[in-house]
Amino acid sequence: MMAEIIAFWPITSTSPSDTSIAPRTLLVSGTILAAAFTIYSVRVYTRLRPKYNLHMEDYLVTLAMVMMVIAFSLTAVACQYGLGRYDYYVSPEDRSRALHYTFVFGQLGPWASTFIRISVAFMLLRFKTSQIWRRIFWVAIIFQVLATAGGSIASLCQCSPLRANWDAVPDARCENKLQMEITDWVVVGITILDNILFSFMPIILISMLSRPLLERILVSILMASGFFATAGVIVRLCLSKSANQNPSLLRSILRIAFWCRIEESVLTIGACVPLLKSPIQRILGRLGVPSFKNMTRDLNEIDSKYWDNCQSGSV
């Protein structure tokens, strides 16, 4: 947070009661994170059996999951210091600690989402696609990494000294409100573009393959997760507009953090589900659902054997 909004708000007769949105916020986001971790674990398990077949996309999702767990843990710790409460009832010392943890997990979240998105691109690179498609994937990966790195650098350079982002520091130098808004809009615009791009690429590719209905449904879930994440980004932007310079800053920040955790979890679920065809097919078979057959169709420039191998664990 900016140094100029580090302030202590006095309690008045019109002040709201000392309540916190932390319990229900952590419960909901923690439940969705647990679901994402479960689906991620099944993905890794299917890639380890019957033999070790982890690839770059699996390592990237694993790194993202580690960051997500750390970010959620830091959010929970920040709640112990008043995150989610009204600023009236939080001491300046606890408020500073809460904002410090907020600043740290605010650096981890964007990178977790980035690693999930580029893991999708690395998965698609394993298809035998045309050279044009491969160049599109690599450009998307490089652009995503550079955009996230730029956002992180902008956040770290927002105030000087760095401690002014969470504590009241005399003579601190920070960006003005206009500069902050421009940075927010640029970051949001790039994030929305990335979500849409990484949502459409898989569905376009799978439409060029002769694949069964189940696989198309699973890839559609990946696309839907990207659109949901885009909606979450818009919600976060609306919340951030009203977060600065008000006595409910700590509550507003937790609402923003909530949508960050939801976005990361949903993206993880979307990135993992398309690779769970085999266990889903077995479950449906036990329930008496007939197996999905491949569609008869001429292939273009994509080798569909990779997708089969992904599901069987032989790639």
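Residues numbered from 1 in each chain as written. Predicted model: local features only at pLDDT ≥ 70, side-chain atom pairs only at ≥ 80, totals over all residues. Heavy atoms only, no water.

## Some thoughts on a nonpolar patch on the surface
This is how it is decided: Patch building starts from residues that exceed 30% relative accessible area and form no salt bridge, then joins like charges within 9 Å and nonpolar side chains (Val, Leu, Ile, Met, Phe, Trp, Tyr) within 5 Å. Note on areas: Shrake-Rupley, 1.4 Å probe, and residue coverage restricted to the protein chains presented here. Any Lys or Arg side-chain nitrogen located within 4 Å of an Asp or Glu carboxyl oxygen qualifies as a salt bridge. Helix and strand labels come from DSSP, where a helix needs a run of H or I of at least four residues and a strand needs a run of E of at least two; each type is numbered from the N terminus.
Together, L48, Y52, M56 and Y59 make up an exposed nonpolar region whose accessible area comes to about 410 Å². Tracing the backbone through its elements, the reader meets L48 in helix α1 (residues 22-48).

## Digging into the packing of aromatic side chains
The test is simple: Any two rings among Phe, Tyr and Trp, with Trp reduced to its six-membered ring, count as a pair given centres within 6.5 Å; such a pair is stacked if its planes are under 30 degrees apart, edge-to-face if over 60, and tilted if neither. Relative accessibility decides the category of a residue: with a 1.4 Å probe and only protein chains considered, values under 20% of the type maximum give buried, values over 50% give exposed, and everything between is partly exposed.
Per the stated rule, a full pass over the model turns up 8 aromatic pairs. Here W111 and F115 contribute two aromatic rings whose centre-to-centre distance is 5.8 Å and whose plane-to-plane angle is 35°, an arrangement assigned as tilted. Here the residue W111 and the residue F115 both occupy positions in helix α3 (residues 92-125), the gap between them amounting to 4 residues, near one helical turn. Given a relative accessible area of 13%, F115 falls into the buried group. With centroids separated by 5.6 Å and ring planes inclined at 80°, the aromatic side chains of F258 and W259 adopt a geometry described as edge-to-face. The class of W259 is partly exposed, set by a relative accessible area of 24%.

## Brief notes about the pattern of salt bridges
With the rule as written, the count across this model stands at 7 salt bridges. Between R117 and E263 there is a salt bridge, with the nearest N and O atoms lying 3.1 Å from each other. With R117 in helix α3 and E263 in helix α7 (residues 249-272), this residue pair connects regions lying 146 residues apart in the sequence. Both residues of the pair, R117 and E263, belong to the buried class. Taken together, the shared-partner salt bridges in this structure form one network comprising R43, R47 and D58.

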